[in-house]
Amino acid sequence: IVGSGANTNVLAISVATNDRVMIAGQFTSFNGTNRGRVARLNADGSLDTSFVTGTGANSNVNAVLVLTNNQVYIGGEFTDYNGANSVNGTNISRLALLNSDGTFNTNFLCNVNGPIYTMAQQPDGRLVIGGSFTSVNSFNVTNVARINTDGSLDLSFVATGVNNTVRAVVLQGDNKIVIGGDFNLVEGTTRNYFARLLTNGVLDTT
């Protein structure tokens, strides 16, 4: 029962518990109710009014990932979520964790300087992100990175030299990381638009 549905593009979908569906994108309302670029729908397609975003994200949300506890990672082009653009002096940009009711989780703080287009969570809870960025939390890192559960950059993940946007990330069963996008070089080695990284972020040359 979606009614009029989203008022513009949906860019990402993730399934929550009880067959509910999380959607994200460019929209600012769903079925006539304000929702700032992220919303949760019931199994019948109606808006889940228990998930309230307030003003929500101030720009596109390109990626969404629901966790088993119904918290939600969102990634995209936004620099503010429901009026929060910094917490205790830490800027919030392009990656955020929302609580199960849609409120901003202040225990996860991350500042990425360019758009995020994709993300995947490892079994240990760390998050691999891909996009078009050159720094995370003021550390130089290009287009792919791994984020700890508190929002800090995982410095043990040493992916380097992905020379253009990463638009897709998938984790294999052995936790190797497959990436796709606009790039043609990884660590100076030709990899046209598709590559696999080892668990530490190094190019898998096999």
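Residues numbered from 1 in each chain as written. Predicted model: local features only at pLDDT ≥ 70, side-chain atom pairs only at ≥ 80, totals over all residues. Heavy atoms only, no water.

A. The overall build of the chain, seen in detail. Helix and strand counts for the chain come out as zero helices and 20 strands. Since a compact globule built from 206 residues should have a radius of gyration of about 17 Å, the 17 Å found for the chain is in line with a globular shape. Projected onto its principal axes, the C-alpha coordinates of the chain cover approximately 50 × 35 × 30 Å. Taking all 206 residues of the chain together, the buried fraction comes to 50%. Residue pairs in contact within the chain that sit at least 24 positions apart in sequence constitute 35% of those at least 6 positions apart. Both charge centroids of the chain, one from 11 positive and one from 13 negative side chains, sit 3 Å from each other. (Helix = DSSP H or I, 4+ residues; strand = E, 2+ residues; numbered from the N terminus. Rg over C-alpha atoms; globule rule 2.2 N^0.38 Å. Buried < 20%, exposed > 50% of the residue type's maximum accessible area, 1.4 Å probe, protein only. Contact = heavy atoms within 4.5 Å. Lys, Arg positive; Asp, Glu negative; His and termini not counted. Charge placed at Lys NZ, Arg CZ, Asp CG, Glu CD.)

B. Quick peek at the environment of Lys-176. Secondary-structure assignment places Lys-176 in the loop between strand 16 (166–171) and strand 17 (177–181). Residues Lys-176 and Asn-200, spaced 24 residues apart in sequence, show a C-alpha to C-alpha distance of 8.6 Å. Each residue touching Lys-176, except ones within four places of it in the same chain, is listed here: Val-170, Leu-171, Arg-196, Leu-197, Leu-198, Thr-199 and Asp-204. Here Asp-204 takes part through its side chain, which lies 3.2 Å from a polar atom of the side chain of Lys-176. (Polar contact = N/O pair within 3.5 Å; in protein donor to acceptor, adjacent residues only side chain to side chain.)

C. Focus on unusual backbone geometry. The phi angle at Asn-70 is positive, at roughly 70 degrees, despite the residue not being glycine. As for its position among the elements, Asn-70 is in the loop between strand 6 (61–66) and strand 7 (72–76). Phi is positive for Ser-138, close to 70 degrees, though the residue is something other than glycine. By the element assignment, Ser-138 lies in the loop between strand 13 (135–136) and strand 14 (139–140).

D. Region of the structure containing the pairing of strand 10 (residues 95–98). Taking every second residue as pointing to the same face, both faces of strand 10 are buried, with Leu-95 and Leu-97 on one and Ala-96 and Leu-98 on the other. Pairing of strand 7 with strand 10 involves four bridges; the strand directions are antiparallel. From the neighbouring strand, Val-72 faces strand 10, where its bridge partner is Leu-98. (Pairing = 2+ DSSP bridges.)

E. Molecular detail of the sheet that holds strand 1 (residues 10–15). If you trace the three strands from one edge of the open sheet to the other, you get 1-2-5, paired in antiparallel fashion. The strands lining the two open edges of the sheet, one partner per strand, are strand 1 and strand 5 (38–41). For this sheet the average axis-to-axis angle between neighbouring strands, irrespective of direction, equals 20 degrees. Relative to strand 5, strand 2 (residues 21–25) is paired through four bridges, and the arrangement is antiparallel. Within strand 5, the position partnered with Val-21 by the bridge is Leu-41. (Axes fitted to C-alpha atoms, helices over the stretch in contact; angles between N-to-C directions.)

F. A look at the packing of aromatic side chains. Under the counting rule described, the total for this entry stands at one aromatic pair. Sitting over the ring of Tyr-117, Arg-167 keeps its end group 4.9 Å from the ring centre. (Phe/Tyr/Trp six-rings, centres within 6.5 Å; stacked < 30°, edge-to-face > 60°. Lys NZ or Arg CZ within 6 Å of the ring centre and 35° of its normal.)

G. Just the sheet that holds strand 20 (residues 194–197), in detail. Ordered by their spatial adjacency, three strands build an open sheet running 16-17-20, and the pairing between neighbours is antiparallel. Of all the strands in the sheet, just strand 16 and strand 20 have a single pairing partner and so form its edges. Direction aside, the axes of adjacent strands within the sheet are offset by 20 degrees on average. Relative to strand 17, strand 16 runs antiparallel, the two sharing five bridges. By the bridge assignment for strand 17, Val-170 is matched with Val-178.

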